[in-house]
Amino acid sequence: MRDEAKNLAGRLTLDEKLCLIKGVGAWRTYPLERLGLPDIMVADGPHGLRKQEGPGGAQGLGESIQTVCFPTASGTAASFSRALLRQLGETLGGECRAAQLSVLLGPAVNIKRSPLCGRNFEYFSEDPYLAAEMAVSYTQGVQGKGVGVSIKHFAANNQERRRMTTQSVVDERALREIYFPAFEQTVKRADPWTVMVAYNKLFDGIYCCENTRLLTDILREEWGFDGVAVSDWGAVSDRVKGVAAGLDLEMPDSADFHRQPLLEALQSGELAESALDEACARVIDLILRAVEVEQADGAPPPPADNELDHILARQYARETMVLLKNDGALPLQKNLKAAFIGGFAKQPRFQGGGSSHVNAFRVASAYETAMDAGLPVEYAEGFGVRDYEYDPVKTKQAVALAAHCDVAVIFAGLPEAMDSEGQDRKHLDLPPCQNTVIQAIVQVQPNTVVVLQNGAPVRMPWAGDVAAILESYLAGEAVGEAQIDLLYGDYSPCAKLAETFPLRLQDTPCYGNFPGGTATVEYRESIYVGYRYYDKAQRDVLFPFGHGLSYTQFEYSNLRLARKNFTPGENLEAIVTIRNAGDVDAAEIVQFYVEPPQDGAFRPKMELKGFDKVFLRAGEKRRVSCTLDARSFSYWHTGLNDWYCAPGEYGVLAAASSRDIRLRAEVTVHNEQWADSPYVGLALPSYENAQVHAVGDAEFEALLGFSLPPADYASPRRLNLDATLTDAQQSPFGRVILKIMRLAIPVMEKVLGEAFGDAATQVESAFEMPIRTIAEWSGGFFDRPMAEALISIFNQEDYLQSICEMAKGLGRAVKKAMGK
Ligand code: BGC
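These numbers come from a predicted model, not from an experiment. (Residues numbered from 1 in each chain as written. Predicted model: local features only at pLDDT ≥ 70, side-chain atom pairs only at ≥ 80, totals over all residues. Heavy atoms only, no water.)

So, the nonpolar core
Line of reasoning, step 1. Grouped together as the largest cluster of nonpolar side chains are 170 residues, with contacts concentrated most on Phe154 and Phe633.
Line of reasoning, step 2. For this core, the element with the most residues is helix α11 (residues 273–297), which contributes 13 residues.
Line of reasoning, step 3. When near neighbours in sequence (up to four residues on either side) are disregarded, Phe633 contacts Phe566, Leu572, Val594, Arg603, Leu628, Tyr644, Cys645, Ala646, Tyr650, Val667 and Val669.
Line of reasoning, step 4. Counting residues in hydrophobic clusters, the runner-up holds 73 residues, among them Ala360, Ala366, Val442 and Tyr473. (Core = buried A, V, L, I, M, F, W, Y, C linked by side-chain atoms within 4.5 Å. Buried < 20%, exposed > 50% of the residue type's maximum accessible area, 1.4 Å probe, protein only. Helix = DSSP H or I, 4+ residues; strand = E, 2+ residues; numbered from the N terminus. Contact = heavy atoms within 4.5 Å.)

Section: helix α27 (residues 799–817)
Line of reasoning, step 1. Counted at 1.5 Å a residue, the expected span for α27 with its 19 residues is 27 Å, and the 27 Å between its end C-alpha atoms agrees.
Line of reasoning, step 2. Of all the positions in α27, only Ser802, Met806, Gly809 and Ala813 are classed as buried. Relative to the axis of α27, the buried residues are bounded by an arc of 60° and lie together on one face. Of the residues in α27, the exposed ones pointing more than 90 degrees away from the buried face are Leu800, Gln801, Lys808 and Lys815.
Line of reasoning, step 3. Looking at the buried residues of α27, the elements they touch are α26 (784–794). (Expected span 1.5 Å × (residues − 1). Arc of directions from axis to C-beta.)

Focus on the environment of Tyr556
Line of reasoning, step 1. By secondary structure assignment, the location of Tyr556 is in strand β16 (residues 554–561).
Line of reasoning, step 2. Using a relative accessible area of 10% as the deciding quantity, one classes Tyr556 as buried.
Line of reasoning, step 3. In the structure, Tyr556 is positioned 24 residues away from Asn580 in sequence and 9.2 Å away in space, judged by C-alpha atoms.
Line of reasoning, step 4. Ignoring anything within four residues of it in the chain, the contact list for Tyr556 reads Lys496, Val576, Thr577, Ile578, Glu588, Ile589, Val590, Ala654, Ala655, Ala656, Arg662 and Leu663.
Line of reasoning, step 5. Within polar-contact distance, the side chain of Tyr556 engages the side chain of Glu588 at 2.6 Å.
Line of reasoning, step 6. A polar side-chain atom of Tyr556 sits 3.5 Å from the main-chain carbonyl oxygen of Ala655. (Polar contact = N/O pair within 3.5 Å; in protein donor to acceptor, adjacent residues only side chain to side chain.)

Side note on the state of the cysteines
Working definition of a disulfide: a covalent bond connecting the sulfur atoms of two cysteines.
Line of reasoning, step 1. With the rule as written, the count across this model stands at 0 disulfides.
Line of reasoning, step 2. Free of any disulfide, Cys645 has its nearest neighbouring cysteine sulfur in Cys626, separated by 15 Å. (Disulfide = S-S within 2.5 Å.)

A look at the site of the ligand
Line of reasoning, step 1. Taken together, 14 residues lie around the ligand, and Asp44, Arg119, His153, Tyr199 and Asp232 are the ones closest in.
Line of reasoning, step 2. Arg50 has a polar side-chain atom sitting 3.2 Å from an oxygen atom of the ligand.
Line of reasoning, step 3. At 3.0 Å, a side-chain N or O of Glu421 approaches an oxygen atom of the ligand.
Line of reasoning, step 4. In the complex, 94% of the free accessible area of the ligand, which totals 310 Å², lies under the protein chains. (Near = heavy atom within 4 Å. Areas by Shrake-Rupley, 256 points an atom, 1.4 Å probe, with all protein chains shown as cover.)

Here's the deal with the pairing of strand β24 (residues 648–657)
Line of reasoning, step 1. Where burial is concerned, most of β24 is hidden: 9 out of the 10 residues are buried.
Line of reasoning, step 2. Where strand β19 (residues 586–595) meets β24, 5 bridges bridge the pair, whose relative direction is antiparallel. Residue pairing across strands places Phe592 opposite Ala654, the latter belonging to β24.
Line of reasoning, step 3. Sheet analysis places β24 next to strand β25 (residues 660–669), joined by 9 bridges and oriented antiparallel. What sits directly across from Gly651, in β25, is Glu666. (Pairing = 2+ DSSP bridges.)

Observations regarding the packing of helix α1 (residues 3–10) against α11
Line of reasoning, step 1. Contact geometry for α1 and α11: axes closest at 8 Å, N-to-C directions at 130°. In terms of axis orientation, α1 runs oblique to α11. Here α1 and α11 pass one another in a crossing that is right-handed. Touching Glu4, Ala5, Lys6, Leu8 and Ala9 of α1 are Asp277, Cys280, Ala281, Ile284, Asp285 and Leu288, all from α11.
Line of reasoning, step 2. Considered class by class, the residues forming the contact of α1 with α11 number 7 nonpolar, no polar and 4 charged. (Axes fitted to C-alpha atoms, helices over the stretch in contact; angles between N-to-C directions. Parallel < 35°, antiparallel > 145°, perpendicular 65-115°, else oblique. Left-handed = near helix turned anticlockwise from the far one by under 90°. Nonpolar A, V, L, I, M, F, W, Y, C, P; charged D, E, K, R; others polar.)

Rendered as structure tokens:
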């Protein structure tokens, strides 16, 4: 931290300190003109800028500036390309500079625990190593341009249901091996300016924003984080505990909601003023960092070049689409008469709903791109982008068109409401009308290609019947152009899945424990997330992690390890030769997995520990390598409270996917420090074989090392400010409020439009917002005494006094509105 930051913090008045540790409006920090410190502006993130200006902007409600929308993280991770992530980061960083933004709110790195999480489109992977590599490169790219990132959401925030209040019950080893590495590596290797702290509760049932163990012991002391810990928007429950725990900046503005408790705690000595000073110094340090960049530049940066960035968006998108299946139908000959079917051909899905939603510069559909290129394409809708029920007339027209063309290309996908922040999916299915149309078309057209546009895996009951499947994910505004580039073979697909596509929801490792009860969500599957589970439990999947085809074939040969023995502290290089054995130039993603011994503590069958992407001309061959280190062979040993590199025989695999292992080599790991498995004497039979659906309370408690907190709240219970409107349903008054709010759904539909998914579900998710957040965001109109009075009414206590308090509060609000 800059000395100047500490000095300036020492010169603040108490009032200035209390202002500086919270936002101004939705996106700015507090300006300290007296000390010559400006405010700085932040914006979402992560795959395009959502800078809100003009009317409503400060409240986070206004339209945002027009900007280029890039592919979302589910796709960029499928590129397995550090270079792409870095370049994307640089592009976004440059745009931020042009828009005078100091911090971009991303990358979002939470692990895809369940394919149902509504925000998976914003997250990278089910694999911590891949997520970490992507996050580090993105961060280096953005920050290399003098703009900070906010790596989010720290930590174990893997669902949208009850995201603002739930407690994630996760064993320490799963946290260390699965949920932390993307944060840890980014902190250690890329020095993020800020970390965004998640809504949920973690260790000991304490909110992340008040969790000393998380924010101070682990983030700062263990990993060396030196930036600002900023709350997710509205995540602060108890600001006093938050300051003490190491949460520096509360976002957005919470008016005076926390002022009185802070003053009282400072006065009573419950909160040391030095903790407040430290938070202030860190916020000042962040502002100084941003100011230094501006000063170094001298002149204001040139405006963003949207045309140029759109071209980049097209290039990136080509690297993010995964060819899942190809019986030879692709690439398409340009003279074939093609039937383009499905509303998504003209109105593509290219981003998800919620805070990452940007006002896109220019969206290119596959249909218009094909028409512009003069390709012989005809269109039939078949199903609309918001349709669920099958329409016999539209279906008949689509089938007729498919039958008389040479090939049918069906553009299918999830409606935007199903890939959205604030809500999880309940199943893995596409809208039924889409499956019906696909199944009808394959009856008349053997050459049927399905192009998917969705943020997360879907079930594909027709996968065996169609000739090819291209997974486009949510590919940003150039989606249609990239699809045409790949479908017609101008480029070969080269992405691979950063997540498993399961056959059925019941197969997923957290099935039965997602999204959990009203109070907690139990991560009973522990480290068995994604392929770590499917492989060890020997479950069939629809498409495995790391899978992706291309228009050529690659041969793997000559896997060599630099040594046959390995000792912690050393590096070990693995090298394999890859040859493009086909006649198309293309890139291959080479994956290196480590296969640990299975005789000590339970371990996955294998884990990704290296990868590289190599572009090879037809016939060309090259060596591809990765460097393994002690971490590559280690597991988190809860007894040592550290990583432990267990000695033994390890396999190193060179693979084209997690289920397409091409070569295997062996290495003996030596370690003089012998440690017994931390599980000796514990009964963990289900974990030995990854039978995660069989983990009972006793076994999970044995793994956790503490008793399970109740999964559900007692009902009725005494509510506090963390209660949500859903909780308030326990009282008659709460039920009335909920009814009234539901009546407002049609109005919400008009106001929010598509950006926030469908209004009814969005209102339902607003019911999961704590009452204190509603008060914090009310701009002081619904203040703390009123929120407390409302809670008393919900608790059916002190009716008279509470109603009087509400009436007084209304009086204050009216005065405030009148500017008195
Ligand atoms: C999201 C964050 C986002 C913030 C600001 C929150 O609801 O969880 O990811 O950056 O809003 O829009």
